[in-house]
Amino acid sequence: MATFSLLPGSVALITLTNPPVNALSAAVRAGIVQAVQRSVEDPKVKSVVICGQNGRFCGGADIREFAGPMSGPPLVPLIHAIEALDKPVVAAIEGLALGGGLELALGCHYRIAHTTALLGLPEVTLGLLPAAGGTQRLPRLAGLPAALDLITTGRHISGTEALELGIVDQVTDGSALDIALEFAKSIVGRPLNTRRLSTLPCRCPTDIDNLLDRFMVQVRQRARGALAPVACVGALRAAATLPYAQGLRKERELMDTLFNSGQARALQYAFFSQRVVGKWTLPSGARWDNTTSRTISTAAVIGLGTMGRGIAVALALAGMSVVAVETQEKQLSEARQMVPAMLQREAGRRGLDTAPGVISFCSSLQDVSEVELVIEAVFEDMALKLQLFRQLSAVCKPDTLLCSNTSGLDIDQLAAATQRPGLVVGMHFFAPAHIMKLLEVVCGTRSSPETVATVMQLGKRMGKVSVAVGNCPGFVGNRMLKPYTEQANFLLEEGAMPEQVDKVLEEFGFPMGVFRMSDLSGLDVGWRIRKAAGLTGPGVEPTRTRQGRRYSPLPDQMCEAGRLGQKTGRGWYQYDGPGGRVARSDPWVQTFLDAYRARHNLAARVIAAEEILERCLYSLINEGFKILQDGMAAGPEDIDAIYVFGYGWPRHRGGPMFHAGQVGLARVLEKLEHYQQLHPDVAPMKPSMLLRRLVAAGSPPIQKWRELIHRERVHSQL
Ligand SMILES: CCCCCCCCCCCCCC(=O)CC(=O)SCCNC(=O)CCNC(=O)[C@H](O)C(C)(C)COP(=O)(O)OP(=O)(O)OC[C@H]1O[C@@H](n2cnc3c(N)ncnc32)[C@H](O)[C@@H]1OP(=O)(O)O
Ligand SMILES: NC(=O)C1=CN([C@@H]2O[C@H](COP(=O)(O)OP(=O)(O)OC[C@H]3O[C@@H](n4cnc5c(N)ncnc54)[C@H](O)[C@@H]3O)[C@@H](O)[C@H]2O)C=CC1
């Protein structure tokens, strides 16, 4: 709702009241309509201030309402009514003014903000555009270039930056509401014509077409198939070239198309998934809201290679005092040089003069004896990690948490090597660890709820999307990646080329196809794991079957030929030299594949894009269903958040499990059955029991899967 009060000095105060972010629900919009009406009719009211309860102006439309039929007074006429008032209206912006919240403020005649308030039009991140006049009023106020930037990225800006861009009239470090109330009294009777943004011309540079065309090219490149950013540019073109009323019609027309698109549904699902995963629950019944966490202020990182360096930076950025340990002298001295520079650069990027935490470097484990939490990031070698966990258990305080950044090794085995198995947990970061948003928190069978709560909380402080997952080989993300990459290799055996597979995946929206990605991270990473598993190496026959299943030795043979990817200048593609970044097709790969197929009597065939996409994605999705079935992820949102934030799954497609729902579960099942018939030796194609049960249950919407899984588990049918 929204409350109306008449304050001394003849100022009417309208307070938006809908915790926690005062979203513009139907009730709030109705409340504003009534309060505006009272302000018009009451002769005692000389000016109006609009604010939000609890120091938060407004978080925009109530996103939950988008799922059903819209009801209540619409926002556009409401904002017009405010703008048309002949009593001055001032927005007092504290906390946040986002989306419809900022559009409401743009309809006011003046805006006063706290310096730290967050302002923005993030609709594009929900697959929409600011359709309450935002695309038409903002360029009239801040100019077309600034509006293009803010509306196509959806980025939040501070009150201070909003002042620089002319979006607000004044900022304060004190109470924006107090200043707004005083200001409202002082402007009674001032003419308002120049303050009604819809009546002003758009502020454009001379060469509008050139600017818009350049922007459109950039936006299309960044969008990876997303519709909303492109529609935003269309609406801004209308603002720049048409009168306000026509521009507004165009804005609405574009919004209508976006509103009902699968992309908008996917992006809104992704918004809520990110929040759902914070509400973790363990099989024991321990949950985010019934478990206490400890606040960590000192931490150590062991091993300063690729991952350890980024993790140390991420901890220091979250305000921690970090001890960084490395045994190799060369690595240590390199880290001493590089890590402080990384820290400074990232702090600067986040608008900080200096990082809130500090990092000290050393080579002895004894120096970690006093810290509250240790993160191990040494080589992916179980024997080495076990030895380290034994040492840490002896050296550290008895209540220190011991965490491993392993990409897939058994957390229970590491825990068993210590005297404190309850304090052992996986913290699986993604490279580069100080930038990537995902953190898989791997809960071992003996990890205590308090340990999980502490690490989830720490992840949040580090700005990560932390997802609690179970302990199984590869955890969630890498476990699903295995059948996906395996499928891509099989496609090469059958006739595809790496660039063909990559093109299909990139057109789907991945930033990089599987082979380009493999070249980037290094083919030797998987090679080492496969050697350790006895799948390749001296004495293992180069056949296409291992342990009773179809196996492709192609990547092993690439490694044996010294083609490790970008680091060697040759992999599935060729590069200008070692460390080169620009991938070019390599005739060597064609010859290599031809010879391989000839050796194994494989006839190359033309493979359609549809088959490539279905085999890669559906084998990954099928593994996702198996993970849900095994209870290694609490719900589909957890898997989807992992894939969106850690593996470049296009956000406008929601995540793999959401995508399965969009395609239709029955169709995914039918396709898996079809490919399994063609390739009976490929185990990951065997449809999971959970997928079958969901289809049998009539393919319920994704929001119902958790409940069904729980029910079936209780009845032991999974
Ligand atoms: C053919 C039919 C065509 C129909 C066409 C219709 C045309 C209509 C024209 C007019 C349309 C007007 C459109 C409009 O107004 C567009 C919008 O405003 S879209 C919304 C824009 N706002 C946002 O994107 C903000 C989203 N929220 C956030 O970014 C963060 O939540 C925020 C920075 C505000 C706060 O962050 P933090 O403090 O970290 O809290 P949480 O994120 O954990 O949130 C707390 C809690 O609040 C819920 N929530 C947040 N924002 C909203 C929201 N806008 N609506 C609903 N709920 C919201 C969030 O989910 C959390 O709740 P949980 O229960 O914990 O999940
Ligand atoms: N590279 C990646 O993209 C990712 C790696 N991981 C995991 O992170 C861990 C580390 O991987 P990377 O950083 O890539 O390895 P890396 O090879 O770059 O670095 C490992 C570092 O550990 C040091 N080290 C080895 N034994 C040590 C000991 N006893 N004490 C102190 N330092 C020691 C080494 O000298 C080396 O500097 C592995 O478990 C890996 O699986 C997890 C996510 C992503």
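From a predicted model like this one, the values you see are computed outputs, not experimental measurements.

Sheet topology places strand β1 (residues 2-7) next to strand β2 (residues 11-16); 6 bridges connect them, and they run antiparallel. Pairing of Leu6 across the sheet is with Ala12, part of β2. Where β1 folds back onto β2 in an antiparallel hairpin, the turn is made up of 3 residues, including Gly9, whose phi is positive at roughly 90 degrees.

In the neighbourhood of ligand 1, 29 residues make up the surrounding shell, with Arg56, Ala61, Gly100, Arg275 and Lys279 lying closest. Here an oxygen atom of ligand 1 and a side-chain polar atom of Arg275 are 2.7 Å apart. The contact in question runs from an oxygen atom of ligand 1 to an N or O atom on the side chain of Lys279, over 2.7 Å. For ligand 1, whose accessible area on its own is 1300 Å², the fraction buried by protein is 76%.

A few words on the nonpolar core. Counting residues in each nonpolar core, the largest one holds 99 residues, and the members touching the most others are Val368, Leu392, Val501, Phe625 and Trp705. Examining the composition of this core, we find that 9 residues originate from one element, helix α23 (residues 609-630), more than from any other. Built from parts of two domains, this core gets at least three residues from each of domain 2 (288-470) and domain 3 (496-599). Residues contacting Val368, with those up to four places away along its chain left out, are Ala300, Ile302, Val323, Val325, Leu392, Val395 and Cys396.

For the rest of this paragraph, the subject is the sheet that holds strand β16 (residues 438-443). Here we have 8 strands laid out as an open sheet, ordered β12-β11-β10-β13-β14-β15-β16-β17, and mixed in their pairing. Of all strands in the sheet, those with a lone pairing partner are β12 (358-362) and β17 (465-470), marking the two edges. The average angle at which neighbouring strand axes cross in this sheet is 25 degrees, direction not considered. Bridge count for strand β11 (residues 321-325) against β12 is 5 bridges, and the pairing is parallel.

A separate point is the UniProt feature "domain: 3-hydroxyacyl-CoA dehydrogenase NAD binding" (unreviewed entry) in the chain. Mapped onto the present numbering, the UniProt feature "domain: 3-hydroxyacyl-CoA dehydrogenase NAD binding" (unreviewed entry) falls at residues 299-471. Annotation note: span residues 299-471, helix share 38%, strand share 23%, distance between end C-alpha atoms 23 Å.

Taken together, 22 residues surround ligand 2, and among them Glu326, Gln331, Glu380, Lys385 and Ser407 come closest. Between Thr306 and ligand 2, the recorded distance is 3.0 Å, taken from a backbone N or O atom to an oxygen atom. The backbone of Val378 places a nitrogen or oxygen atom 3.3 Å from an oxygen atom of ligand 2. In the complex, the protein chains occlude 80% of the 830 Å² of accessible area that ligand 2 would expose alone. Of all the secondary-structure elements, those providing two or more residues to the shell around ligand 2 are α12 (306-317), α14 (382-395) and β15 (424-429). For the shell around ligand 2, the per-class residue count stands at 9 nonpolar, 10 polar and 3 charged.

Here, UniProt's "domain: 3-hydroxyacyl-CoA dehydrogenase C-terminal" (unreviewed entry) annotation points to residues 474-575 and 612-699. Each end of residues 474-575 is marked by a C-alpha atom, and these two atoms are 30 Å apart; helix forms 53% of the span and strand 4%. Helix makes up 68% of residues 612-699 and strand 0%. Its end C-alpha atoms lie 25 Å apart.

Bringing the packing of helix α5 (residues 144-153) against helix α9 (residues 228-241) into the picture now. Across the interface, α5 lies against α9 with an axial gap of 9 Å and an inter-helix angle of 155 degrees. When the interaxial angle is binned, α5 and α9 end up roughly antiparallel. Between α5 and α9 lies a crossing of right-handed hand. Of the residues in α9, those touching α5 at Leu144, Ala147, Leu148, Ile151 and Thr152 are Pro229, Cys232, Val233, Leu236 and Ala240. Of the residues that constitute the contact of α5 with α9, the class distribution is 9 nonpolar, 1 polar and no charged.

Strand-to-strand pairing in sheets goes through backbone hydrogen bonds, with the strands running parallel or antiparallel. Taken in spatial order, the 3 strands make up an open sheet running β5-β7-β8, and their pairing is mixed. Each edge of the open sheet carries a strand with a single partner, namely β5 (96-98) and β8 (157-158). Of the pairings in the sheet, the one linking strand β7 (residues 118-120) to β8 comprises 2 bridges and is antiparallel in character. Bridge pairing in β8 places Leu118 opposite Ser158. Where helix α3 (residues 100-107) meets the sheet, its contacts fall on β5 and β7, and the angle it forms with β5 comes to roughly 95 degrees.

Reading the values: the criteria
Residues numbered from 1 in each chain as written. Chains lettered and ligands numbered in written order. Predicted model: local features only at pLDDT ≥ 70, side-chain atom pairs only at ≥ 80, totals over all residues. Heavy atoms only, no water. Pairing = 2+ DSSP bridges. Helix = DSSP H or I, 4+ residues; strand = E, 2+ residues; numbered from the N terminus. Near = heavy atom within 4 Å. Polar contact = N/O pair within 3.5 Å; in protein donor to acceptor, adjacent residues only side chain to side chain. Areas by Shrake-Rupley, 256 points an atom, 1.4 Å probe, with all protein chains shown as cover. Core = buried A, V, L, I, M, F, W, Y, C linked by side-chain atoms within 4.5 Å. Buried < 20%, exposed > 50% of the residue type's maximum accessible area, 1.4 Å probe, protein only. Domains from an automatic or database assignment. Contact = heavy atoms within 4.5 Å. Axes fitted to C-alpha atoms, helices over the stretch in contact; angles between N-to-C directions. UniProt positions renumbered as here; feature names shortened; annotations may be inferred. Nonpolar A, V, L, I, M, F, W, Y, C, P; charged D, E, K, R; others polar. Parallel < 35°, antiparallel > 145°, perpendicular 65-115°, else oblique. Left-handed = near helix turned anticlockwise from the far one by under 90°.

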